[in-house]
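What follows is the residue order along each chain.
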Amino acid sequence: MSVAYQIDSNRCATITLDRPQTHNAFDDVIIQMLIDAINQAHSDNARALILNSNGKHFSAGADLTWMKSMVNNTEQENFDDSMQLATLMHNLNSAQMPVITLIQGATYGGAVGLAACSDIVIATSKASFCFSEVRIGLIPAVISPYVIAAIGESQARRYFLTAEAFDVTTAEKLNLVHIISDDLNDAKHQVLNQILNNSPKAIKKAKSPNPRRIELPYRPAAN
């Protein structure tokens, strides 16, 4: 499977992107699988949700083959695809349990949105990030509310326009990354141990007034 889901005895759910051959790029099928996995975590009453990936890179963002196929779609079909991605970002951002994302290698395009929607991001020292959309004639429309909430409007303006890659130290300064560690598993367990020592009801309540919450429906800006 391209997206794996499992939950352990502590009710910590893990969602794993498993398309290393495409650098974990996502298309409409993968997006729906991620939505379904997040819904399953809620059904399982998970105390935490870990998002990670297999392979050298966390995710290259949207699959270019999928993006190219959209040229032949109707405006409504493309809007529906945008709304599907918007639903994924919204559901991750408003998840009722802490969301911990583990990042290695490159994180590009829409995948940076997944990081921006997370509560805690742990990345390796060689992780890199890029809002690469304008390189291929697009804009980071769907992810922009979450990215701006995470890194601020001024920084978002710069990186949305330049499409320059930036390293993990810069990402930490931008508040996109919280912890830098080359042992993602160990860092994850340290964070989980802290979370699991806290009141589940209090954690859920603490997430309720999340000022970054973006409500649907909304129509993303046109490409």
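Okay, so let's go over this structure. These numbers come from a predicted model, not from an experiment.

## Looking at empty space enclosed by the protein
- Throughout the structure, instances matching the rule amount to one cavity of 30 Å³ or more.
- Of the pockets and cavities examined, the largest cavity occupies roughly 40 Å³.
- Around the largest cavity, the lining residues are Ile15, Leu34, Ile38, Leu51, Leu88, Leu92 and Leu114.
- When grouped by side-chain class, the residues that make up the lining of the largest cavity number seven nonpolar, no polar and no charged.

## Points about unusual backbone geometry
- The phi torsion at His23 lies on the positive side, around 55°, for a residue other than glycine.
- For His23, the location among the structural elements is in the loop between strand S2 (12-17) and helix H1 (28-43).
- His23 gets classed as partly exposed once you look at its relative accessible area, which sits at 40%.
- A positive phi angle is found at Asn45, which is not glycine, with a value near 55°.
- Tracing the sequence through the fold places Asn45 in the loop between H1 and strand S3 (48-53).

## Digging into the sheet that holds strand S7 (residues 128-130)
- Taken together, the three strands give an open sheet; going across it, the order is S5-S7-S8, and neighbouring strands pair in mixed fashion. Only two strands of the sheet have a single partner each, and these edge strands are strand S5 (106-108) and strand S8 (166-167).
- Bridge count between S7 and S8: two bridges; the pairing is antiparallel. Counted as the bridge partner of Ser128 is Asp167 from S8.

## Notes on the sheet that holds strand S6 (residues 120-123)
- Strand order in the open sheet formed by six strands is S1-S2-S3-S4-S6-S9, with mixed pairing between adjacent strands. Two strands lie at the open edges of the sheet, namely strand S1 (3-7) and strand S9 (179-180), each paired on one side alone.
- As paired elements, S1 and S2 share five bridges and run antiparallel to each other. Counterpart to Ile7 in the pairing with S2 is Ala13.

Reading the values: rules and limits
- Residues numbered from 1 in each chain as written.
- Predicted model: local features only at pLDDT ≥ 70, side-chain atom pairs only at ≥ 80, totals over all residues.
- Heavy atoms only, no water.
- 1 Å grid on protein atoms, 1.4 Å probe; cavity = no way out; pocket = protein on both sides within 12 Å on 5 of 7 lines; lining within 4 Å.
- Points joined across faces, edges and corners; volume = space filled by probe spheres on them.
- Nonpolar A, V, L, I, M, F, W, Y, C, P; charged D, E, K, R; others polar.
- Helix = DSSP H or I, 4+ residues; strand = E, 2+ residues; numbered from the N terminus.
- Buried < 20%, exposed > 50% of the residue type's maximum accessible area, 1.4 Å probe, protein only.
- Pairing = 2+ DSSP bridges.

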